[in-house]
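# Reading the structure
Here are the chains, one letter per residue:
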Amino acid sequence: MRKIVIAGNWKMNKTVAESVKLAGEVVAAAKDIKQVVVAIAPTYLALAKVAEVLQGSNVKLAAQDVHWENQGAFTGKVSADMLKEIGVDYVIIGHSEQRSYFGETDETVNKKVRKVLSLAMKPIICIGETLAERKEGRLESVLTRQVNGAYAGLSADEALSTVIAYEPVWAIGTGVTASDDEAQEAHAFVRGLLAKLYGDSVAQSISIQYGGSMKPENAAGLLAQKDIDGGLIGGAALKADSFLGIVRPGEGLSK
Ligand code: PEP
C-alpha cells in the first residue's frame, strides 16, 4: 500500500514571520488528517522557526533544495546535515525551476538524492516535460532520462524511501492542469520505469505525486487516479484553506 503525500512548496514566498503564521494555520487545519502525509516546504530561512511550530503536530517539514557536499566553499548553499539537524523530513530535489534557472542536471539531482538518503531524509524527486518536449513526442524519453538519472546507483531499499513528483512544466504556475487522464497516463509510465529498475513490488510501493496547478477544484479527480499518490502544490499551498482543500480529498483513498 502506498502513502498519499501532499507537500506545499512555498518557493520564494513568505517572510519568516509570515511562514510561522501560515505553518500555524496549516497545523490547526490539518489536525484531523489521519491518512494523508502532509508536508510544507518554507524557505531555508524559515525552516528552523517553522520546525518549532510543527513540533508535536502531524505536519512534516520539507526543504526546497540541498547541496550534495558536506560543507565548504559553496556560497549560498545548504548541506543535508544542516537540514537534518533542524528536523527536515523531506527534501524537494530537481524542481523544474531549479533545472531551468539554476543549472540543475540529472547528475546533480542524483548526487543530492544520494546525500539526502544517506541521512535518512526522503527526497521528493521532481521530473516532468516541457510543452515543447510533449509536442515533439518526447514525453517518454524525457521521463525515462530523468528517472534513470535520478535513481542511478540507488538500491531498491533506498528507492523505497523516495517520492517522485511528476510535474509537467507547462502546468506549473500556469493555471493549466494536465487532465486526469493525461496525468494518469504519465504516472503509469513512470511507475513502469520504476518497475524496470526495481521490479513491480518496489514500483507499487513508491508514491508518485502530481504537480502543476493542483487546487481544491481539481484535486479529487486527480487523486482518484490509480497511479496518482498525492501532490506537490505551489500557489494553492500559500493559503491554509486551499492547501487543506487539496489534502482532504486524499483522506480515505487507498492506493
Ligand atoms: C510547483 O511549483 O511544484 C507547482 C506545482 O506549482 P503550482 O501548484 O503553482 O503549479
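That block above? That's the structure.
Report on the accompanying structure. (Residues numbered from 1 in each chain as written. Predicted model: local features only at pLDDT ≥ 70, side-chain atom pairs only at ≥ 80, totals over all residues. Heavy atoms only, no water.)

### Re the nonpolar core
Counting 71 residues, the largest nonpolar core has Tyr151 and Phe243 as its most contacted members. In terms of residue count, the dominant contributor to this core is helix H9 (residues 180-198) (seven residues). Counting residues in hydrophobic clusters, the runner-up holds 13 residues, among them Tyr90, Ile92, Ala165 and Leu232. (Core = buried A, V, L, I, M, F, W, Y, C linked by side-chain atoms within 4.5 Å. Buried < 20%, exposed > 50% of the residue type's maximum accessible area, 1.4 Å probe, protein only. Helix = DSSP H or I, 4+ residues; strand = E, 2+ residues; numbered from the N terminus.)

### Concerning the site of the ligand
Neighbouring residues of the ligand: 14 residues in total, closest Lys11, His95, Glu167, Gly173 and Ser213. With respect to the ligand, the backbone of Gly173 contributes an N or O atom lying 2.6 Å from an oxygen atom. For the ligand, the protein covers 95% of the area, taking 290 Å² as the surface of the free molecule. Of the residues in the shell around the ligand, the class split is four nonpolar, eight polar and two charged. (Near = heavy atom within 4 Å. Polar contact = N/O pair within 3.5 Å; in protein donor to acceptor, adjacent residues only side chain to side chain. Areas by Shrake-Rupley, 256 points an atom, 1.4 Å probe, with all protein chains shown as cover. Nonpolar A, V, L, I, M, F, W, Y, C, P; charged D, E, K, R; others polar.)

### Observations regarding a positive patch on the surface
Residues Lys3, Lys60, Lys84 and Lys122 make up a contiguous surface patch of positive charge. Turning to its location among the elements, Lys60 is positioned in strand E3 (residues 59-63). (Patch = residues over 30% accessible without salt bridge, like charges linked within 9 Å, V, L, I, M, F, W, Y side chains within 5 Å. Salt bridge = Lys/Arg side-chain N within 4 Å of Asp/Glu carboxyl O. Lys, Arg positive; Asp, Glu negative; His and termini not counted. Charge placed at Lys NZ, Arg CZ, Asp CG, Glu CD.)

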